[in-house]
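Each chain, letter by letter, is given below.
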Amino acid sequence: MRLTHQSIRRVADGLVIEGPQGSVLIRRQMDRIETKYQGGQLVNGSAAAYSKALLQTAIKLTDDFPFPWTIEADGTQRITDHQRYYEQTFNSDLQGIETLKRWIVCHSL
């Protein structure tokens, strides 16, 4: 499964990951991420397996993405490239992947 940062977008309920078999809504619940398949092509176990695989792919993409900032163990955000940070701050296409990165780092998901 191939995703891009544009495959992950913020919505009122959390994040939506757009994948080849439909979208998956993800929400942060205390110490975990809850997934809910939004498409109509898969059912039951197939939908659950697809949702889990899509989330894992999104997490891998997020881990590999070159963010111009890091988050320290105490939750402090440290900017590592001010020019890129400024450019990305106004890029709405990155809001989803940035949110997922914060969920992963700040909550050890």
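No experiment lies behind these values; they were computed from the predicted model shown. (Residues numbered from 1 in each chain as written. Predicted model: local features only at pLDDT ≥ 70, side-chain atom pairs only at ≥ 80, totals over all residues. Heavy atoms only, no water.)

A. Highlighting helix α1 (residues 44-64). Compared with the 30 Å implied by 1.5 Å per residue over 21 residues, the 31 Å span of α1 between its first and last C-alpha is a close match. Among the residues of α1, A47, Y50, S51, L54, L55, A58, I59, L61 and T62 are the ones counted as buried. (Helix = DSSP H or I, 4+ residues; strand = E, 2+ residues; numbered from the N terminus. Expected span 1.5 Å × (residues − 1). Buried < 20%, exposed > 50% of the residue type's maximum accessible area, 1.4 Å probe, protein only.)

B. Broad picture of the sheet that holds strand β3 (residues 22-29). In space, the 4 strands of this open sheet follow the order β1-β2-β3-β4, with antiparallel pairing throughout. The open sheet has two free edges, formed respectively by β1 (8-11) and β4 (32-37), since each of these has just one partner strand. Across the sheet, the mean angle separating the axes of adjacent strands is 30° when strand polarity is ignored. Relative to strand β2 (residues 14-19), β1 is paired through 4 bridges, and the arrangement is antiparallel. Paired with I8 across the strands is I17, a residue of β2. (Pairing = 2+ DSSP bridges. Axes fitted to C-alpha atoms, helices over the stretch in contact; angles between N-to-C directions.)

C. Molecular detail of the side chain of S7. By secondary structure assignment, the location of S7 is in the segment before β1. Judged by its relative accessible area of 11%, S7 falls in the buried class. If near-sequence neighbours (up to four positions away) are discounted, S7 is found in contact with V16, I17 and E18. (Contact = heavy atoms within 4.5 Å.)

D. Summary view of the packing of aromatic side chains. If you walk through the whole model with that rule in mind, you get 4 aromatic pairs. Cation over ring: R102 sits above W69, and NZ or CZ is 4.6 Å from the ring centre. (Phe/Tyr/Trp six-rings, centres within 6.5 Å; stacked < 30°, edge-to-face > 60°. Lys NZ or Arg CZ within 6 Å of the ring centre and 35° of its normal.)

E. The nonpolar core, seen in detail. Counting 24 residues, the largest nonpolar core has I8, I17, I26, I97 and L100 as the members making the most contacts within it. Those residues in contact with I17, other than ones at most four positions away along the chain, are L3, S7, I8, G22, S23, V24, I26, L54, L55 and A58. (Core = buried A, V, L, I, M, F, W, Y, C linked by side-chain atoms within 4.5 Å.)

F. Up close: unusual backbone geometry. Residue N44 is not a glycine yet carries a positive backbone phi of 50°. One can find N44 in helix α1. A relative accessible area of 67% places N44 in the exposed class.

G. Region of the structure containing the pattern of salt bridges. For the structure on display, the rule yields 5 salt bridges. Put simply, R27 and E34 hold a salt bridge, and the shortest N to O gap is 3.9 Å. Residue R27 is classed as partly exposed on the basis of its relative accessible area, which comes to 24%. Judged by its relative accessible area of 28%, E34 falls in the partly exposed class. Residues D64 and K60 are paired through a salt bridge, measuring 2.6 Å at the closest nitrogen-oxygen approach. (Salt bridge = Lys/Arg side-chain N within 4 Å of Asp/Glu carboxyl O.)

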